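Chain residues, written in single-letter form:
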Amino acid sequence: KLQSIEIPETVETIGYWAFNGCTSLKEIRIPGNVKIIQDSTLSDCTALETVILEEGIKEIKHLVFAKCKKLKHVYLPRSIKKKINIKLFEKNPDLVIHGHPGSTAEVYAKEKGFKFEGVE
């Protein structure tokens, strides 16, 4: 029944399956002090609609957003330089990836056929 979470500034990694199956969580903001988001962290969050990853995050691992069928908006920072994993998102035709033009986020969105919207 987790509906919201505030991640403390001391957290640098969010572990495997940390929020897996949180069926009431609609939005999450992950601050830039988190450097790595591990595998399946938010998978099967069936109500999740918006994810905001702040500048400073360096890496997103495998299947982080798998089975998040209502996911509509994901904001990815330019600090993610490492190629984004092929299976970060399962197929979701309504998903819009927001990011900086020319960033890894834009490259990923175009390669995988997701809509991309540039942010400044």
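Notes on the structure in this doc start here. Predicted, not measured: the structure shown is a model, and the values here were computed from it.

Considerations on the overall build of the protein chain
Across its full length, the protein chain carries one helix and eight strands. Secondary structure elements of the protein chain, listed N to C terminal, follow the sequence β-β-β-β-β-β-β-α-β. Radius of gyration (C-alpha) of the protein chain: 13 Å, near the 14 Å computed for a compact globule of 120 residues. With the C-alpha coordinates of the protein chain rotated into their principal frame, the extents come out at 35 × 30 × 25 Å.

Some thoughts on the nonpolar core
Ranked by internal contacts, the top residues of the largest apolar core, which has 33 residues, are Ile 30, Phe 89 and Ile 97. Per-element tally for this core: the top contributor is helix α1 (residues 104-112), with three residues. In contact with Ile 97, other than residues within four places in its own chain, are Val 74, Leu 76, Phe 89, Ala 105, Tyr 108, Ala 109, Phe 114, Lys 115, Phe 116 and Glu 117.

Regarding the side chain of Ser 40
Here Ser 40 shows up in the loop between β3 (36-37) and β4 (50-53). Given the relative accessible area of 11%, Ser 40 is considered buried. Within the structure, the side chain of Ser 40 is placed 3.1 Å from the side chain of Trp 17, a separation counted as a polar contact. If we ignore the near neighbours within four places in the chain, the residues touching Ser 40 are Trp 17, Asn 20, His 62, Leu 63 and Val 64.

Focus on the sheet that holds β4
Pairing is parallel in the open sheet, where five strands are placed in the order β2-β4-β6-β7-β8. Each of the sheet's edge strands pairs with one partner strand only, and the pair in question is β2 (27-30) and β8 (115-118). Here the strands of the sheet are splayed against their neighbours by 15° on average, with no regard to which way each runs. When β4 meets strand β6 (residues 73-75), the two strands line up parallel, connected through three bridges. Counterpart to Thr 50 in the pairing with β6 is His 73.

Concerning the side chain of His 100
Examined against the element boundaries, His 100 turns out to sit in the loop between β7 (96-99) and α1. Polar contacts involving the side chain of His 100 include one to the main-chain carbonyl oxygen of Val 119, which spans 3.2 Å. Filtering out sequence-adjacent residues up to four positions away, His 100 remains in contact with Glu 55, Arg 78, Glu 106, Phe 116, Val 119 and Glu 120.

A short note on the pattern of salt bridges
Per the stated rule, a full pass over the model turns up six salt bridges. The closest approach of N and O atoms between Glu 54 and Arg 29, which form a salt bridge, is 3.2 Å. Linking Glu 54 in the loop between β4 and β5 (59-60) with Arg 29 in strand β2, this pair joins segments that are 25 residues apart in sequence. Here Arg 29 falls in the partly exposed class, since its relative accessible area comes to 44%. Lys 72 is paired through a salt bridge with Asp 94; the nearest N and O atoms lie 3.7 Å apart. Placement of Lys 72 in the loop between β5 and β6 and of Asp 94 in the loop between β6 and β7 is noted, with a sequence separation of 22 residues between them. Judged by its relative accessible area of 31%, Lys 72 falls in the partly exposed class.

About the cut-offs
- Residues numbered from 1 in each chain as written.
- Predicted model: local features only at pLDDT ≥ 70, side-chain atom pairs only at ≥ 80, totals over all residues.
- Heavy atoms only, no water.
- Helix = DSSP H or I, 4+ residues; strand = E, 2+ residues; numbered from the N terminus.
- Rg over C-alpha atoms; globule rule 2.2 N^0.38 Å.
- Core = buried A, V, L, I, M, F, W, Y, C linked by side-chain atoms within 4.5 Å.
- Buried < 20%, exposed > 50% of the residue type's maximum accessible area, 1.4 Å probe, protein only.
- Contact = heavy atoms within 4.5 Å.
- Polar contact = N/O pair within 3.5 Å; in protein donor to acceptor, adjacent residues only side chain to side chain.
- Pairing = 2+ DSSP bridges.
- Axes fitted to C-alpha atoms, helices over the stretch in contact; angles between N-to-C directions.
- Salt bridge = Lys/Arg side-chain N within 4 Å of Asp/Glu carboxyl O.

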